[in-house]
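Observations on chain architecture
If you want the building blocks of each chain, they are given just below.
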Amino acid sequence: MTRRQINDVEMLILLALIRLAPEAYGVPIAREIEARGQRSIALGTVYAVLERLEAAGFVNSELGEATPERGGRARRYFQITPEGLEQVRTVHSSLRAMSAGLKELKGSVS
Amino acid sequence: MTRTERTFVQVLEWFGAANTSDPLIGDLLEELRSGRSRWWLWRQVLAAVAGSVVREAASNKLLSLRAIATGMLVAMPLSAVVKRAADFSWGNEPLQFCFLNCFIFVVAAAAVGHKFPRHRAATVAVFTLYSLTARISLIAFNAPHFFSPSHPPRELGYAAVTILAPLFTLFGGFLLPTRTEHLEC
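1. Points about the overall build of chain A
Counting its secondary structure elements, chain A contains four helices and two strands. Moving toward the C terminus, one meets the helices and strands of chain A in the order α-α-α-β-β-α. Considering chain A as a whole, with its 110 residues, one finds that 37% of them fall into the buried category. For chain A, long-range pairs separated by at least 24 residues make up 48% of all intrachain contacts whose partners lie at least 6 apart in sequence. For chain A, the computed accessible surface area is about 6,800 Å², with 54% contributed by carbon and sulfur atoms.

See below:
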């Protein structure tokens, strides 16, 4: 069985979950990616990716309390699982190894 | 709730996947009420709808193909008959044909949705896919006429009808009752 590999958007979202824990839900995740990752991401995409990651076992979620400013709808908080964290570590270490010493990347965002 | 809020909630409930639409709607309401613009809101809604349609179609490939084929089988012969009747009665005037054309695609979409729904989101996804496919084929079929020098305003009318018809088709889809039985395919 081949192990599922995560793509770049999934990686960004998993990193955002680590940064925002335990208050990670759609809006702050999208804002974090926009602010730090300098990439615009739609909220619908965030939830679609989180659903996929949850199905793969890389994140889990729980419902918060419903509030009036959300029209009585609850927030869904997401946390990274140990399997998800392992994936992030693996991808991060591959990226670092592959990019080490490349003069073409000097001056870019590290 | 304001009218904008009610409208976008309804759109997302129609199109959205069951698991994701509720927290997404909550997030969008929260953002809208904290000062985000309507432009931002509708961009988010469109992106969510597009994603939902693609996901539903991708996870129901055979269902989608069968629905498109059925829609085409209903729409094309009916469209040919009505176009001949329209040419005969009105000399190919665009306004009347616009209504008839939209009616045909609403009927075809209804046929698709009535035959193949699994749940509401999949139905709407299939409508959209069918509608786009039907329209793209029609645009390709009619493309030489759009640039005809003989009657440019009339041909521009047809071009407008062709572009706007998917909206009518989707509206036709919205009118369908929901069927909840599971379809194995």
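2. Overview of the packing of helix 1 (residues 8–20) of chain A against helix 3 (residues 43–56) of chain A
Residue and element names in this part refer to chain A. Direction vectors running N to C along helix 1 and helix 3 enclose 85°, while the axes themselves pass 10 Å from each other. By the angle between their axes, helix 1 is roughly perpendicular relative to helix 3. Together, Val9, Glu10, Ile13, Leu14 and Leu17 of helix 1 and Val46, Val49, Leu50, Arg52 and Leu53 of helix 3 make up the contact between the two elements. Tallied by class, residues from the contact of helix 1 with helix 3 come to eight nonpolar, no polar and two charged.

3. Quick word on the packing of helix 1 of chain A against helix 4 (residues 82–99) of chain A
Residues and elements named next belong to chain A. Relative to each other, helix 1 and helix 4 sit at 120°, their axes nearing to 10 Å. Considered as vectors, helix 1 and helix 4 are oriented oblique to each other. Judged by the sense of rotation from one axis to the other, the crossing of helix 1 with helix 4 is left-handed. Contacts from Met11, Leu14, Leu15 and Ile18 of helix 1 reach helix 4 at Gly84, Leu85, Val88, Val91 and His92.

4. Re helix 2 (residues 26–35) of chain A
Where burial is concerned, most of helix 2 of chain A is hidden: seven out of the 10 residues are buried. All buried positions along helix 2 of chain A are accounted for by Gly26, Val27, Pro28, Ile29, Ala30, Glu32 and Ile33 of chain A.

5. Here's the deal with the pattern of salt bridges
Charged atoms that come close allow side chains of opposite charge to pair. Applying the stated criterion across every chain, the model contains 10 salt bridges over all chains. Note that arginine 70 of chain A and aspartate 27 of chain B form a salt bridge whose closest N and O atoms lie 2.6 Å from each other. Note that arginine 70 of chain A is positioned in the loop between strand 1 (59–67) and strand 2 (73–80) and aspartate 27 of chain B in helix 2 (residues 18–33), a pairing that runs across two chains. Comparing arginine 70 of chain A with aspartate 27 of chain B, the two get one shared label, buried. The salt bridge partner of aspartate 22 of chain B is arginine 73 of chain A, with a shortest N-O separation of 3.0 Å. Here aspartate 22 of chain B is found in helix 2, whereas its partner arginine 73 of chain A is found in strand 2 on a different chain. Through salt bridges with shared partners, one network takes in Arg70 and Arg75 of chain A together with Asp27 and Glu30 of chain B.

6. What to know about the interface of chain B and chain A
If you look at the interface, chain B gives 22 residues, while chain A gives 18 residues. The junction of chain B with chain A conceals about 1,700 Å² of combined surface from both sides, 52% of it contributed by carbon and sulfur atoms. The interface formed by chain B and chain A contains 13 residue pairs in polar contact (both at pLDDT 80 or more). For the side of chain B that touches chain A, the secondary structure elements donating two or more residues are helix 1 (3–15), helix 2 and helix 3 (38–59) of chain B. Considering every element that reaches the side of chain B that touches chain A, the biggest residue donor is helix 2 of chain B, with 13 residues. Counted by class, the side of chain B that touches chain A contains 10 nonpolar, four polar and eight charged residues.

7. Side note on the environment of arginine 36 of chain B
Along the polypeptide, arginine 36 of chain B turns up in the loop between helix 2 and helix 3. Beyond its immediate chain neighbours, meaning those up to four positions away, arginine 36 of chain B contacts Arg31 of chain A together with Glu31 of chain B. Here glutamate 31 of chain B takes part through its side chain, which lies 3.0 Å from a polar atom of the side chain of arginine 36 of chain B.

8. Here we look at the environment of isoleucine 18 of chain A
Residue and element names in this part refer to chain A. With respect to the element layout, isoleucine 18 can be found in helix 1. With a relative accessible area of 37%, isoleucine 18 lands in the partly exposed category. Apart from residues lying up to four places away in sequence, isoleucine 18 is in contact with Ile80, Leu85 and Val88.

9. Here's the deal with the confidence of the model for chain B
All names here are of chain B. Summing up the model confidence of chain B, the mean pLDDT is 67 and the portion of residues at 70 or higher is 37%. Looking across chain B, the model is least confident in helix 7 (residues 152–174), with a mean pLDDT of 55, and most confident in helix 2, with 84. Note on residues 177–185: pLDDT under 50 across the span, and 16 contacts to partners over four residues away in sequence or across chains. Across the interfaces of the predicted complex, the ipTM metric reaches 0.85, alongside a pTM of 0.68.

Conventions adopted
- Residues take numbers from 1 onward in each chain, read along the sequence in its written order.
- Each chain takes a letter, starting from A, and each ligand takes a number, starting from 1, following the order in which they are written.
- Note on the predicted model: pLDDT of at least 70 is required for a residue's local features to be given, and 80 or more for side-chain atom pairs to be given and counted; whole-chain, interface and lining totals, by contrast, use all residues.
- Neither water nor hydrogens contribute to the side-chain values; these are computed over all heavy atoms in the structure.
- Secondary structure follows DSSP: runs of H or I at least 4 residues long count as helices, runs of E at least 2 residues long count as strands, and numbering of each begins at the N terminus.
- With a 1.4 Å probe rolled over the protein chains alone, any residue whose accessible area is under 20% of its type maximum counts as buried; one over 50% counts as exposed, and the rest are partly exposed.
- Two residues form a contact once any of their heavy atoms are found within 4.5 Å.
- Areas reported here follow the Shrake-Rupley algorithm with a probe of radius 1.4 Å; residue values treat only the protein chains shown as occluding.
- Axis lines are fitted to C-alpha atoms, over the contacting stretch for helices. Their N-to-C directions set the angle, which ranges from 0 to 180 degrees.
- The scheme is simple: roughly parallel for angles under 35 degrees, roughly antiparallel for over 145, roughly perpendicular for 65 to 115, oblique for anything else.
- Gly is put with the polar residues, along with every residue not named as nonpolar or charged; the nonpolar set is Ala, Val, Leu, Ile, Met, Phe, Trp, Tyr, Cys and Pro, and the charged set is Asp, Glu, Lys and Arg.
- Handedness of each helix crossing follows the sense of rotation of the near helix against the far helix: counterclockwise by less than a right angle gives left-handed, clockwise gives right-handed.
- A pair is scored as a salt bridge if a Lys or Arg side-chain nitrogen falls within 4 Å of a carboxyl oxygen belonging to Asp or Glu.
- Buried area adds together the accessible area that both of two parts lose upon being put together, with accessible area traced by a 1.4 Å probe.
- Distance and chemistry together define a polar contact, namely a pair of N or O atoms within 3.5 Å, with one atom able to donate a hydrogen and the other to accept it when in protein, and with adjacent residues in sequence counting only for side-chain atoms on both sides.
- Scored from 0 to 100, pLDDT reflects the predictor's confidence in each residue.

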